[in-house]
Each structure stands twice: as C-alpha cells, then as structure tokens.
Amino acid sequence: MSSAPKFRIKPNSWLAIILLVIAASGNPVIDSIAWADAAKPRYLAVDGTDTGNCANMFRPCQSIAYAAQHARKGDPIFAAEGTYHVRSAEDTYFLMTLAKDMRGSFQRNSHFRNQNLKQFPSTILGAPVETREILRARGFHVVSDQKAMPQDQQIKSRRTRSLVVAAQKSHIGNPCINGMADIFPCDGIDLLSHIALEDFASAPTSGTDIWGFVDLNTGREYAVMGLNNSTSFIDLSQPDAPREIAHVDRSVSNWRDMKVHQFFDTDDNRWRVYAYISTEDPASSLSIIDLSDLPNSASLLPLTTNITSSHNVFVSGVDYTFGLKSDLATPQVLMLGSAPANGEFVAFSLNTPDMPSLNATGEGYTHDAASMIIRDARKDTQCADGNLDYCEILFDFNEDTFLIWDITDPAAPVKLSTTAYPNAGYVHSGWTSEDKQFLFVHDELDERNFSLNTTVRVFDLSDLRAPGLHAEWVSDVNSIDHNGFSRGSRYYMSNYTRGFTILNIENPAQPFDTAFFDTVPATDNGGFTGTWGAYPYLPSGTLLASNIGEGFFALKAQSEQSAAGQINFTASQVSLVEGTSANLNISRTAGSAGSASIDVELIHANTDASDLTTTTSRVNWADGETSEKTVVLSALQDSELENQQLLFVRLLNPQNALLGQSNIARVNIADTADSGQLEFLNTTVTSNQELDSVFVTLMRKQGFTGAVDVSLRTVDGTASAPGDYTPISNQPLHWDSGDTTSRVVEIQIPAESSRSGKTFNLEMFNLIGATQGINSQVSVAVTGADGSPPPPPPPPPPPPPAKKSGGGGNPGWITLLVLVLLLPFRLQVKKIHAGQTPS
C-alpha cells in the first residue's frame, strides 16, 4: 500500500539503481505502486530459511508454520519441489485453516514460475486427513500418517484437528460456565448463537468484517456480515436463533467492509436504510445495498464512481446504532485505501444517500478511519475555525502514523497533526473513548515484528495537534488486535485467534481485560486467522463477531458487579404531545459506593432541536445515593401538521458506576393527544425467497393515547391457502398506551416453484382504540425457490505469470530507463513493512 514518502533516494545513488533493477525484474519484495491489499505470495522451499517475511522468491522460507504466520489474509503460499514435514499441532492448525491458500509443485529454479506435480512434486508428510483432498487439488502429494510426529504433538494435533472441525460447524447458544461455552473458551461472555460458513446461502470460503443496525421501520436488529463472495444480512430479532434473511452476491474478494446510513424519506413517509460495501475487486469496489425492505429483501442499487478498488469504507457524521445523521455534521462515505486515488481517503457526501457526490480527498495512504464531533474548548483553539459551535474530527490510520483531520468543512479537510509511536509495525485502526478524550490504536504487525504480546495503545487527545501516548494494554498471548469500539467504560475488540476481547477502560491510564470469548479454540497464535470484526452497539446488548474461518457469532456479556452500581433507564419508551413535557427516569442500582455520574445525549431521528429540548446533559449521584434522577423532556409546540416524530435518548460516558443494559430510550412526539392510526408499512410486498416466508409490518402512527387492539387475516387472491401460503384467520395484535413500536407478522410460504407470481391479501379487522390509516391492507406477491444449486466456490488464484521482459504487471526495461532518468528529481520510494501490507 502506498503511504506518505518514508525515505528518499539521492540522485545518482547506486543503491537506487539496484533497487530499480530488482523492481523491473519482477521481484515482489518492493511495491512500486501498491495501494491495495492485493494478495502477495509467500514462498517455501525445503532448503529455505525461516527468516524475513517469505515474500521474496529468491529467499524462501522453510516451514509451513513460519510462512503461514507471515501471510496475511488471503495470501497464497507457493511451495517448491521437495518434502515438507508436519511436526507439530501448530503445523496441523495452519494446514487446516490455510490449505485453500496453499499451492505446491513449483520449480524453484524457475523462480516459482513453473508448476508441475509430476516434474517438481511437493509432498506433505503428516498432513491432517481433513486437508488431503484440497491439498491434492492444489498440487501436493499428501501423506496423512502422523506417526513420525513426536507423541506429545500427536496428542495435541488430534485435539487441534477436533477443535478446528468442531468450530467450523454451527452451534446453538451456551452460557459461559467454568471458562467454557460448549467448545469455546470464555470468561464473562455467553454464546447466543453461531452460524458456520457452510450454513450461509452463498457457500463462502471465508468471512470478513461485520456491522449492525436497528431498522426504524420495524424495530428489528440486524447484522451485516461480509463474506468473500457476498454480503449477508442476518435477522437478530431472536439472537439465539438468528436467520440469514438475504444476501447480495458480488465478485470474489478477501476484503469486504461495510457501514450503514439510515434516514427518513419524507416523500414515502418511511425510513430508508443503505449499506455501503467496499471491496478491492474493481467489479464491485463500492456497492450500495438498499435494506429498506428487510426482512423481505435487500437490493443492489446502480452506482457509478471513479473508484476502481477500495480496501475499506467508513461513514462519518452518523450514530453507530441506527446510522442516523448527527445533529451537526453532514454524513459522508469515505473510501479508504482506494484506487485510482493513490490510497488516500476519498470522501463522498451523502446528502443524496443513494448517489454519493465527491467532496474531497486526503493525502497518502489511509487504511482505516474513525471520527468524532467535539463541542468543548478544543474546538476554539485546536480546530481550523475557532468561531464555529463544533468541530468534526477524522482519524486517519495510514500504516506508519495516524493523522488527525478537521473535516468540519467536508470540501476542505485540514490536517491538524501526524503522530508516530515506538515499535510501530502497521498502524491499522482505532476508536475514541465516549468522552472523546482518548484514542485507542490497533497495530497489526507490532506483535510479530517486535515479539510483543497483544498491545493496544492509548493516546491522550487533550491536544489534537500533538496527541501523546498515555498508556498501553498488553495481554498474556501474542494474538493480533484488529478492530475495536468503545461503549460506556468498556472497549470491545476483535482479537484474531484470541477471538472477542473486552477491556475495562474506566481508567484509560490502566486498561485491563475483563472478558473474552475465544472463537478459535484450537490456538492463540499470532496468525491472521480468527475474529476479524466486532460490533457492540445494538440496544439489546447483543454483541456481534465475524470470524474468517468460523463464520458469524452472536454473543452477550454477562452482567458485571460493581460496588458503585449500574445506571439504567427505568423505562425504554416515553411518549408526549407537542407543547407538553414528560419525565424520563434514570436509576442507580446494585451498588452505591462512591460518587457516580453519566452523560445524557439526544439522538434525533426525524426531529431536531426545534422539536424537543432538555436542560439535562449529565446526572450525578453522591456517595451512597441511589435516588432516581429525572430528565425532563419538553416537546415544543409548532403550527405544522407533521408525521409522528421520533428520537432517542442515550446514556453514555459513565464515571465510577457501570453502564446498564437499558441505556437507550425511545421518545415519541405527536401533534395531538390522539389514539393514532394503524396502517401497513407497504401496500405490496414480495415473499422472501430465501426463507419461504413473507414479513408484513403494521405501524401505529399519528398518536399513541390509549391502548389499541386489532386482528389480522389473510384473503385468497390468485394464491390460495393452504397450498400457496399458510393462512391466518385471526391473529391478534396489541399496543399499550404510549407504545408506537411496529409489529412484524411472518406468514409461511410452502417451498414450491409453481406458485410464483400469485398474490393474496392481508387485512386488519376488529380494530379497537384507533382508526385505520391509508394502507389498510397489503397485497402479497408469492415467489418460489428456483431450485438452482448454490454457486460453486471460487477457483484458486493462478500461479505467478510467466516471466516477461516488459508489459504485463512488471515495469519492464523501458519503464526502468524512465525511472532512472527521474532520479535527479529525488524519487520517493515506498517504505517496506517487512514485505507486506496487512488488512
């Protein structure tokens, strides 16, 4: 990947000429223009040496385990002719998890250009039997007998094989008891559910990142998981029984990242939800997927941009539970590590969310990003314009350092600082604390390059123009930390082979681990396998984790005990009429030692500061105090006749006490004290072909006073029950006074293809306590499964191309001549990070 220049080659330097000659000859040790995480082969030979990073074909490594530990996600491992021995449980683990990335029977003397099993056979002795067929298909002779392995390693190897196979099967929920949840080691985190890769509809071979959101049309929680061949959408309305309800196939890529933006469509009087997906494949570098019709379907939108490849994606200026716009900032989607932009971030405005428009670009390579909005004194003296009421900050993680940008003016970002630190291997990503005073930074190569155990660095942000290293958290294993996010006084992070880790960051100067769930029970080594992504922002408290080889995990942190107690809302929903006020109470329970406090934040959905105000931004308790605190919400009167309005109140940044589970409350505002209307979200829906079901949403609008009851029934059309669908004759639904949450009804559709194109109706009757809205019935279109098999797994990447003199992917001698002529202009060459650019 490209980044800011790291060193310069002086004019007429012989070293420069030698480096350029090597580059022109096709040696992969130098990235002349590499701003994406394209796969890089690692090379093996029986007479090689286990030093370096195995990326130089002229200096191959010797052992499978060593090469595997130096390969990034998706890097193929090319083995020259000869016999390779599986000597340990660690070798067994790497073969079982990376066999699909192995390629054998290359001729070393041809610089790994020629591959022929008969002429240059590669043999693996002691390979686990589970890998035999896939290794044979990739050019190896395989002998699975492990008798030559030392006896203690044979025992460990058998256990490793058993755990790898078991972890790649789906699991039902299990509490964490005595350090285990089923086969998974754990501490303080329960397993709610696990979906293995083999149970996803698109037949993926690996998983990537994960995100989540709450759909405001239905109130249902979802996970958005990246797979190497698609993006999957998982319904979490029952997190102990999650369902993949849709997926969108795209081109194959080992990297797929996603973020979500949600907004209210005033024309259609409903919420729209879009997922922004990045990959490094030019065929689908940026995808926008419309999620507004979940749980029935997800659809890919047409999009044209100049981005041909993007390693990552980030959406700034939004809340990360709902994807809603911040009060002040304009949401932007940032493409990171993108081409042809030389890797710098490319920011697009989401003023029109389905058609992003270019705002600005950064500088150098951006690998990942985070953002925050500040309103404290720092905005007056440290940001670009001290006269504004706020300042929006972007953190730019660029391999060697992290940059801080002021992006308050989206079209003109201003760089505030560049920060480096000792033992920087690969500055990968980070996130801020909820008080926005500290930044937690993840480095993806420091553990391996500097023989460190897992290390997370904490930076003090009191001076945005000169952040200072404040503290470090170091674990007792060397698994790699990857991505992390703060919620309350806890930090939730993906930790590769260690799984999902939670840090206590109540005192940022002394972070410590408080819980973990090991999604890779076979090992805790420092390889690039295991948990890729983590997401902690769902109101239910369900934690999401994506695993490269093991799939999707839904987890739940066990309730912690604290002498200072927990802080919660006493009610999850409050409703008020314009011109009136209502109280939202906050409790401190299960402890009262010491003083405690917590911030109160408004998250506007389809409201703003002219609709509701509160004078409370923080509540406090004295030592020993447990009395409830009241937040007074005032709905402002206006003359407009509006759709029912929605916002949320969130508790954050607790001091001393713990953040409880009930930390987000829904606030409904109506024009008048009316009982409201019931109507269907859509007038027509189409059944979910993947589930053989259809989901119909019924909403309460324009009021909430008093209880409401209604019944639903189906009516035959061209589709008839029970052959074409499972009928409903009298399904009751109920709303308490003040309740405006939607109800979702599922109707089963038998799995038959002949019914496609038929319709039936769903209608309401016996409505008590409210009136019918415009959409009083819904027409359901029935579709059938087409019976086609899932797509085959992607073919393995081809071996390196035959050596050429010029053209193709190498600069060639003409390019070399041009480069040499440019030397007097002080060529800038990319710094080599141990020969690799991790994700």
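For the structure itself, consult the block above.
All of these numbers come straight from a predicted model, not from anything done at the bench. (Residues numbered from 1 in each chain as written. Predicted model: local features only at pLDDT ≥ 70, side-chain atom pairs only at ≥ 80, totals over all residues. Heavy atoms only, no water.)

Description of the overall build of the protein
The condition is simple: Helix and strand definitions here come from DSSP, where helices need a minimum of 4 consecutive H or I residues and strands a minimum of 2 consecutive E residues; each element is numbered from the N-terminal end. The classification of residues rests on relative accessible area computed with a 1.4 Å probe and restricted to protein chains. Under 20% of the type maximum is buried, over 50% is exposed, and intermediate values are partly exposed. Any two residues whose heavy atoms approach within 4.5 Å are treated as being in contact.
If you tally the helices and strands in the protein, you get eight helices and 58 strands. Every one of the 839 residues in the protein was classed for burial, and the buried ones make up 58%. A sequence separation of at least 24 residues applies to 63% of the contacts in the protein between residues at least 6 apart.

Re the state of the cysteines
The condition that has to hold: Here, a disulfide means two cysteine sulfur atoms that sit within 2.5 Å of each other.
All chains considered together, the criterion is met by three disulfides. A sulfur-sulfur distance of 2.1 Å marks the disulfide that ties C176 to C186. Its S-S torsion of about 105° marks the bond between C176 and C186 as right-handed, since a negative value means left-handed. Here the residue C176 occupies a position in the loop between β8 (171-174) and β9 (180-181), and C186 occupies one in strand β10 (residues 184-187), the gap between them amounting to ten residues. Exposure class is identical for C176 and C186. Each is buried. By sequence-ordered numbering of the bonded cysteines, the protein has its disulfides arranged as 1-2, 3-4, 5-6.

Describing the side chain of S338
Threshold: Counted as a polar contact is a pair of N or O atoms within 3.5 Å, where, for protein atoms, one must be capable of donating a hydrogen and the other of accepting one, and residues adjacent in sequence contribute only when both atoms are in side chains.
Looking at where S338 falls in the secondary structure, it is placed in strand β21 (residues 332-339). A polar atom in the side chain of S338 sits 3.2 Å from the backbone oxygen of E344.

Examining the packing of helix α3 (residues 89-98) against helix α5 (residues 151-167)
Relative placement of two packed helices is described by the angle separating their axes and the distance separating the axes. Cut-off, in case you're wondering: Each axis is a line fitted through C-alpha atoms, taken for helices only over the stretch in contact, and angles between the N-to-C directions span 0 to 180 degrees. Between 65 and 115 degrees an angle is taken as roughly perpendicular, under 35 as roughly parallel, over 145 as roughly antiparallel, and anywhere else as oblique. Here a crossing is taken to be left-handed if its near helix is turned anticlockwise relative to the far helix by less than a right angle, and right-handed if that turn runs clockwise.
Interhelical geometry of α3 versus α5 gives an angle of 25° and a closest axis separation of 8 Å. On the basis of their axis angle, the class for α3 and α5 is roughly parallel. In this structure, α3 crosses over α5, and the sense of that crossing is right-handed. Here α3 contributes A89, T92, Y93 and M96 to the contact with α5, which in turn contributes Q153, K156, S157, T160, R161, V164 and V165.

So, the sheet that holds strand β46 (residues 645-655)
Each strand in a sheet pairs with its neighbour through backbone hydrogen bonds, running either in the same direction (parallel) or in the opposite one (antiparallel). How we decide: For two strands to be treated as a pair, DSSP must find at least two bridges joining them.
The strand order β40-β48-β46-β42-β44 describes an open sheet built from five strands, whose pairing is mixed. In this open sheet, the two edge strands, each paired with only one partner strand, are β40 (573-577) and β44 (618-621). Averaged over all neighbouring strand pairs, the angle between strand axes comes to 25°, with direction disregarded. Relative to strand β48 (residues 664-670), β40 runs parallel, the two being bridged by five bridges. In the strand pairing of β48, V577 is matched with A670.

Focus on the pairing of strand β7 (residues 140-143)
As a reminder, the rule being used: Here the term right-handed applies to a crossover when the path leading from its first strand over the helix to its second strand runs clockwise, the strands being oriented away from the viewer.
Covered by surrounding structure in β7 are F140 and V142 only, the residues H141 and V143 on the alternate face being uncovered. Sheet topology note: the strand β6 (residues 122-125)/β7 ladder contains four bridges and is parallel. Bridging from a neighbouring strand, T123 pairs with H141 of β7. In this fold, β6 hands off to helix α4 (residues 132-137), which returns the chain to β7; that crossover is right-handed.

Quick look at the environment of T523
Residue position: T523 is located in the loop between β35 (512-517) and β36 (531-535). Spatially, the C-alpha atoms of T523 and Y93 are 7.8 Å apart, while their sequence positions differ by 430 residues. Looking at T523, its side chain comes within polar contact range of the side chain of N525, at 2.9 Å.

Digging into the pattern of salt bridges
Counted only if it meets this: Note on definitions: salt bridges are taken to be side-chain nitrogens of Lys or Arg within 4 Å of carboxyl oxygens of Asp or Glu.
Counting across every chain of the model gives 30 salt bridges. Between R161 and E130 there is a salt bridge, and its shortest N-O distance comes to 3.2 Å. Placement of the pair is R161 in helix α5 and E130 in the loop between β6 and α4, with a sequence separation of 31 residues. Note that D293 is salt-bridged to R270, the shortest N-O span being 3.8 Å. Of the two residues, D293 is situated in the loop between β18 (286-290) and β19 (299-300) and R270 in strand β17 (residues 270-279); the sequence distance between them amounts to 23 residues. Of the residues examined, D293 reaches a relative accessible area of 35% and is grouped as partly exposed.

As for the sheet that holds strand β20 (residues 309-316)
With antiparallel pairing, the four strands of this open sheet are ordered in space as β20-β21-β22-β23. The open sheet is flanked by β20 and β23 (357-361), the only strands paired with a single partner. Taken over all neighbouring pairs, the strand axes of this sheet differ in orientation by 30° on average, direction set aside. Sheet analysis places β20 next to β21, joined by seven bridges and oriented antiparallel. Directly across from S309, in β21, lies its bridge partner A339.

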